[in-house]
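# Chains, contacts and geometry: an overview
Next come the chains, spelled out residue by residue.
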Amino acid sequence: MRSFEPLPADIVATKLGATLFTPDQVPNLEPEQIVVLLASDEWSGAIISDRPLWIVYNPHHAATRYESNLMHEIAHVLLAHKPVGFDPVTGRPKRKQNNEDETTYLGGCFQIPKRGLLWATQQKMLLPQIAVHFGASEAMVQFRSNVTNVPVKCL
Ligand SMILES: [Zn+2]
């Protein structure tokens, strides 16, 4: 595929053989954990098994956030981070900060590659149009503009 083509996270997840779950679909999750996870906005997703690859995601997030959430989890897989499971106290997925930073960066690259962002600016696309083109949030376009030094116009 070309760098300017949008890459839906679902397609990558399918290629990786991932099964995606909402919390209530996860086998053997405690009912209390399901309640906590469904009520909370403070988590996005987690890898709960690497073989087979199982990813749980927060079903209450917007479509653009679903894309970045899922790309983030896919980046964990490609960077070979170990699944961390759930914190038994909070019921939320556990995390290691340096892994998270690497993953957030790589997930953004998948959503909007630098060459794709350059292409979009050469097409005179504005920030909101770039967001729609790549299925990303406007915040993600701004983040990619900042880290790639590709200026993006809003108006
Ligand atoms: Zn993460």
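Just so it is clear, the structure is predicted and the values come from calculations on it, not from any experiment. (Residues numbered from 1 in each chain as written. Predicted model: local features only at pLDDT ≥ 70, side-chain atom pairs only at ≥ 80, totals over all residues. Heavy atoms only, no water.)

### Notes on the domain arrangement of the protein
Rule in force here: Note that the domain bounds were set by an automatic or database domain assignment. Residue contacts follow a heavy-atom distance rule, with two residues in contact if any of their heavy atoms lie within 4.5 Å. Buried area counts how much accessible surface, traced with a 1.4 Å probe, disappears from two parts once they are put together, with both parts' losses summed. Criterion for a salt bridge: a side-chain nitrogen of Lys or Arg within 4 Å of a carboxyl oxygen of Asp or Glu. N or O atoms within 3.5 Å of each other form a polar contact, as long as, within protein, one can give a hydrogen and the other can take it, and as long as residues adjacent in sequence are counted only when both atoms are side-chain atoms. A run of DSSP states H or I qualifies as a helix once it reaches four residues; a run of E qualifies as a strand once it reaches two. Both are numbered from the N-terminal end.
Domain parsing of the protein yields domain 1 (1-111) and domain 2 (112-155). Each of domain 1 and domain 2 has a C-alpha centre, and the two are 24 Å apart. Facing the 13 residues of domain 1 at the interface are 14 residues of domain 2. Counting the surface lost from both domain 1 and domain 2, the interface buries some 1200 Å², and carbon and sulfur atoms represent 59% of this. Sorting the residues of domain 1 by area buried against domain 2 places Ser 3, Phe 4 and Gln 111 first, and these three jointly supply 46% of that buried surface. Taken together, the links from domain 1 to domain 2 amount to 0 salt bridges. The tally of links from domain 1 across to domain 2 stands at 3 residue pairs in polar contact (both at pLDDT 80 or more). Broken down by secondary-structure element, the contributors of at least two residues to the side of domain 1 that touches domain 2 are α3 (63-78) and α4 (97-111). By residue number, the principal contributor to the side of domain 1 that touches domain 2 is α4, which donates 6 residues.

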